[in-house]
Amino acid sequence: MPREQIQTLSEPMYYILLALKDECCGVDIMKKVEEISHGRISVGPGTLYALLDKFQSAGLIRETGIVGRKRSYIISAAGDEVLKK
């Protein structure tokens, strides 16, 4: 299956990628998004995990670890490039 290309980032997508500059898990990502957006953006678990899957398929993030049900992620070089555009 070819990698899905992400043409434009919505505001929640941008903040999720920005939150992943440091390795973190889903709950931490949700907190960081709210923090760095100064409370303007709140991402629910359904939206977050759908976007994480999309980002991972596109090569913008990578999974760094799994402990039980907790998965950690970090932005990739390709994801960094998308943020710079």
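The preceding data block contains the structure.
Everything numeric here is computed off the predicted structure, so don't read it as measured data. Residue numbers run consecutively from 1 along every chain, following the written order of its sequence. Only residues with pLDDT of 70 or above have their local features reported here, since the model is predicted, and side-chain atom pairs are shown and tallied only from 80 upward, although totals for entire chains, interfaces and linings are computed over all residues. Side-chain calculation: all heavy atoms of the structure are included, whereas hydrogens and water are not.

Colleague: Got a minute to help me understand the packing of helix α1 (residues 11-19) against helix α2 (residues 26-36) in this structure?
Modeller: When two helices pack together, their arrangement is given by the angle between the helix axes and by the axis-to-axis distance. Interhelical geometry of α1 versus α2 gives an angle of 110° and a closest axis separation of 9 Å. Classified by the interaxial angle, the pair formed by α1 and α2 is roughly perpendicular. Handedness of the crossing formed by α1 with α2: right-handed. From α1, Tyr15, Ile16, Leu18 and Ala19 reach across to α2, where they touch Ile29, Lys32, Val33 and Ile36. When the residues that make up the contact of α1 with α2 are grouped by side-chain class, the tally is seven nonpolar, no polar and one charged. Lines fitted to C-alpha atoms define the axes, with helix axes restricted to the stretch in contact, and inter-axis angles between N-to-C directions lie between 0 and 180 degrees. Secondary structure elements follow DSSP: runs of H or I no shorter than four residues count as helices, runs of E no shorter than two count as strands, and numbering proceeds from the N terminus. Roughly parallel refers to an angle under 35 degrees, roughly antiparallel to one over 145, roughly perpendicular to one between 65 and 115, and oblique to any angle outside these ranges. The sense of a crossing depends on the near helix, which, turned anticlockwise from the far helix by less than a right angle, makes the crossing left-handed and, turned clockwise, makes it right-handed. Only heavy atoms enter the contact rule, under which two residues are in contact if any of them lie within 4.5 Å. Classes in brief: Ala, Val, Leu, Ile, Met, Phe, Trp, Tyr, Cys and Pro nonpolar; Asp, Glu, Lys and Arg charged; the others, Gly included, polar.

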